[in-house]
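Here's the letter readout for the chains.
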Amino acid sequence: MNDLLFRVVEFSPSPTIRACRPLIEINPDFGKVLLPIAFYSCWIVSSINDQKYFSNIVDYIMTKLTNIPDTIFELMELVDRWGYPLDIDIKTAAKLCKSQQYSILLIERYLKDHPQDPEAIDFLIDKYLKMGKISTAKGLFRYNEKLMDKMTIAKWSGKLGDWEKALDIYKEIGAPSSTILQCLVCLRKVKETVDFYDFKA
C-alpha cells in the first residue's frame, strides 16, 4: 500500500497534501492517516478511464488474493459514501468486506439489479441474522420465499425459529436423518426423537 500512498500524495490536486510527501517517509503512522484523504482528492478528479483502470485492479485483487488489505475496503467505502463508487463486482466485494454495514449496503445495491439471485438473497438473510436483526431477516425470507427451493426454505425456516415448518419440509423431501433429528431436538420432541433414532438404528 506504500506505493499507492506515495502516488496519491504526489499527484493530489491539493498543494497541502503534496507538501506532506517528505513527512510520510519519516512517519508511517501519519501516512496511514493521510492515505484516505489523498486518495479521495485524486479519485474525484480522475478521468473515467483512470477510475476504470483502478477499479479493474481492485477486482483482480479481490478474485486472486486471499489476504486482501483492509485498506482496500476502507478506501472503497470512503469514496462510495461520498458518491464516487468504484466500478467493481459489488457482489464479490460484499462477500469479502469485513464491515457488516457496508457489506449489506453493497449486496442490497446488487439485488436492485439482480432481485432473483438466490445466492445474494441467501447472503443478505444470513447477514441480518448474524447482526441480530431477526425481524428484518424474517421479512426478507418471507418476501423471497417464492424464489427458493424446498431445501433452502427448510433451512431458513429452521434458522429463523420455525422448526415445525422445517421438519415438515425435510420429511417431505427425504432429507438426511441427521437433519431431521436436529429439527426434532430443537422442537424438544423427546419421544419422537427417541422413536426416530430407534427406527433408524
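Right above here is the structure, for reference.
Each residue is numbered by its place in its chain's sequence as written, counting from 1. Restriction of local features to residues with pLDDT of at least 70 applies here, the model being predicted, together with a cutoff of 80 or more for giving and counting side-chain atom pairs; totals for whole chains, interfaces and linings are based on all residues. Excluding hydrogens and water, the side-chain figures rest on all heavy atoms present in the structure.

### Some thoughts on the pattern of salt bridges
Side chains that carry opposite charge are capable of pairing whenever their charged atoms lie near each other. Salt bridges are counted wherever a side-chain nitrogen of Lys or Arg sits within 4 Å of a carboxyl oxygen of Asp or Glu. A full pass over the atoms with the stated rule returns 13 salt bridges. Where arginine 21 meets glutamate 25, a salt bridge forms, and the shortest distance between an N and an O atom there is 2.4 Å. A residue pair is termed a helical-turn pair when its members lie 3 or 4 positions apart in one helix, as arginine 21 and glutamate 25 do in helix α3 (residues 21-26) at 4 residues. Assessed through its relative accessible area of 21%, arginine 21 is described here as partly exposed. Between aspartate 117 and lysine 91 there is a salt bridge whose closest N-O contact spans 2.9 Å. You can see aspartate 117 sitting in the loop between α8 (100-113) and α9 (118-130) and its partner lysine 91 sitting in helix α7 (residues 90-96), a full 26 residues away along the chain. Buried means the residue's accessible area, taken with a 1.4 Å probe over protein chains only, is under 20% of the maximum for its type, while exposed means over 50%, and partly exposed covers the values in between. By relative accessible area, which is 14% here, aspartate 117 ends up buried. Numbering of helices and strands runs from the N terminus, with a helix taken as a DSSP run of H or I at least four residues long and a strand as a DSSP run of E at least two residues long.

### Re the packing of α9 against helix α10 (residues 134-144)
To define axes, lines are fitted to C-alpha atoms, for helices over the stretch in contact only, and angles between the resulting N-to-C directions are given on a 0 to 180 degree scale. Where α9 meets α10, the closest approach of the two axes is 7 Å, and the angle between their N-to-C directions is 160 degrees. Between α9 and α10, the interaxial angle falls into the category roughly antiparallel. Note on packing geometry: the crossing formed by α9 with α10 is left-handed. Contact with α9, carried on its side by Ile121, Leu124, Ile125, Tyr128 and Leu129, involves Ile134, Thr136, Ala137, Leu140, Phe141 and Asn144 of α10 and no other residues of that element. Here the contact of α9 with α10 is built from residues that sort into 9 nonpolar, 2 polar and no charged. Roughly parallel here means an angle under 35 degrees, roughly antiparallel means over 145, roughly perpendicular means 65 to 115, and every remaining angle is called oblique. Left-handed describes a crossing whose near helix is turned anticlockwise from the far helix by less than a right angle; the clockwise case is right-handed. Contact criterion: two residues are considered in contact whenever any of their non-hydrogen atoms come within 4.5 Å of each other. All amino acids are sorted into three groups, where Ala, Val, Leu, Ile, Met, Phe, Trp, Tyr, Cys and Pro are nonpolar, Asp, Glu, Lys and Arg are charged, and the leftover types, Gly among them, are polar.

### Describing the nonpolar core
Nine residue types can take part in a nonpolar core, namely buried Ala, Val, Leu, Ile, Met, Phe, Trp, Tyr and Cys, and a core is a set of them joined through side-chain atoms within 4.5 Å. Counting residues in each nonpolar core, the largest one holds 58 residues, and the members touching the most others are Phe39, Val58, Met62, Met76, Ile88 and Ile125. Among all residues touching phenylalanine 39, those that are not within four sequence positions of it are Leu4, Val8, Phe54, Leu75 and Val79.

### With respect to the packing of aromatic side chains
Aromatic ring pairs are reported here in terms of the distance separating the ring centres and the angle at which the planes meet. Under the pairing criterion, centres of Phe, Tyr and Trp rings, with the six-membered ring standing for Trp, must be within 6.5 Å; the plane angle then separates stacked pairs below 30 degrees from edge-to-face pairs above 60, leaving the rest tilted. All told, the structure shown has 5 aromatic pairs when counted by the stated rule. Judged by centre distance (5.7 Å) and plane angle (20 degrees), the rings of phenylalanine 39 and tryptophan 43 are stacked. Taken together, the residues span about one helical turn, with phenylalanine 39 and tryptophan 43 both in helix α4 (residues 28-43) at a distance of 4 residues. Phenylalanine 39 gets classed as buried once you look at its relative accessible area, which sits at 3%.

In short, shape yes, function no, at least from these values alone.
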